[in-house]
Amino acid sequence: QVQLVESGGGLVQPGRSLRLSCAASGRTFSNYAMGWFRQAPGKEREFVAAINWSGGNTYYADFVKGRFAISRDNARNTVYLQMNSLKPEDTAVYYCAAGRFTMTQWNRYNYWGQGTQVTVSS
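It should be emphasised that the depicted structure is a prediction, and the values quoted were computed from it without experimental measurement. (Residues numbered from 1 in each chain as written. Predicted model: local features only at pLDDT ≥ 70, side-chain atom pairs only at ≥ 80, totals over all residues. Heavy atoms only, no water.)

Colleague: Just checking my understanding: could you explain the sheet that holds strand 7 (residues 68-73) for this structure?
Modeller: Sheet strands line up and pair through hydrogen bonds in the backbone, either parallel or antiparallel. One open sheet accounts for 4 strands, arranged 1-3-8-7; its pairing is antiparallel. Each of the sheet's edge strands pairs with one partner strand only, and the pair in question is strand 1 (4-7) and strand 7. When strand polarity is set aside, the average angle formed by the axes of neighbouring strands in this sheet is 15°. Pairing of strand 3 (residues 18-24) with strand 8 (residues 78-83) involves 6 bridges; the strand directions are antiparallel. For C22, the partnering residue across the bridge sits in strand 8 and is V79. (Pairing = 2+ DSSP bridges. Helix = DSSP H or I, 4+ residues; strand = E, 2+ residues; numbered from the N terminus. Axes fitted to C-alpha atoms, helices over the stretch in contact; angles between N-to-C directions.)

Set out below in structure tokens:
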């Protein structure tokens, strides 16, 4: 079993940066692929980024356009999402997820955090 806790969200101005963290419990963290998803008000949950168990392979949604970077530190049981050049349309609740495979579909992940709010205000 895996428990996930996101942190690092907040209110930022357009063009600024945030780094989200997702801390996982247990010694099995390195066995899981990790993903970041977001859900804006009135919209469906959408894929943002994913990383495989070793950190050697990463995947990004097209709308990220090189602004975001996902990474993981297995020694600290933590996955990160570095978000640069934030835009108002990035405003959403951001969730981290753990799964057996590195997928871009939210329903393929097994474990979810409670989310952290990111608000980009113009």
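Colleague: For this particular structure, what's the right way to read the state of the cysteines?
Modeller: What is meant by a disulfide is a covalent connection between two cysteines, made through their sulfur atoms. For the structure on display, the rule yields 1 disulfide. With its sulfur 1.9 Å from that of its partner, C22 forms a disulfide with C96. Negative torsions about the S-S bond denote left-handed disulfides, and the value of about 55° found for C22 with C96 makes this one right-handed. Placement of the pair is C22 in strand 3 and C96 in strand 9 (residues 92-99), with a sequence separation of 74 residues. Since its relative accessible area comes to 0%, C96 is described here as buried. (Disulfide = S-S within 2.5 Å. Buried < 20%, exposed > 50% of the residue type's maximum accessible area, 1.4 Å probe, protein only.)

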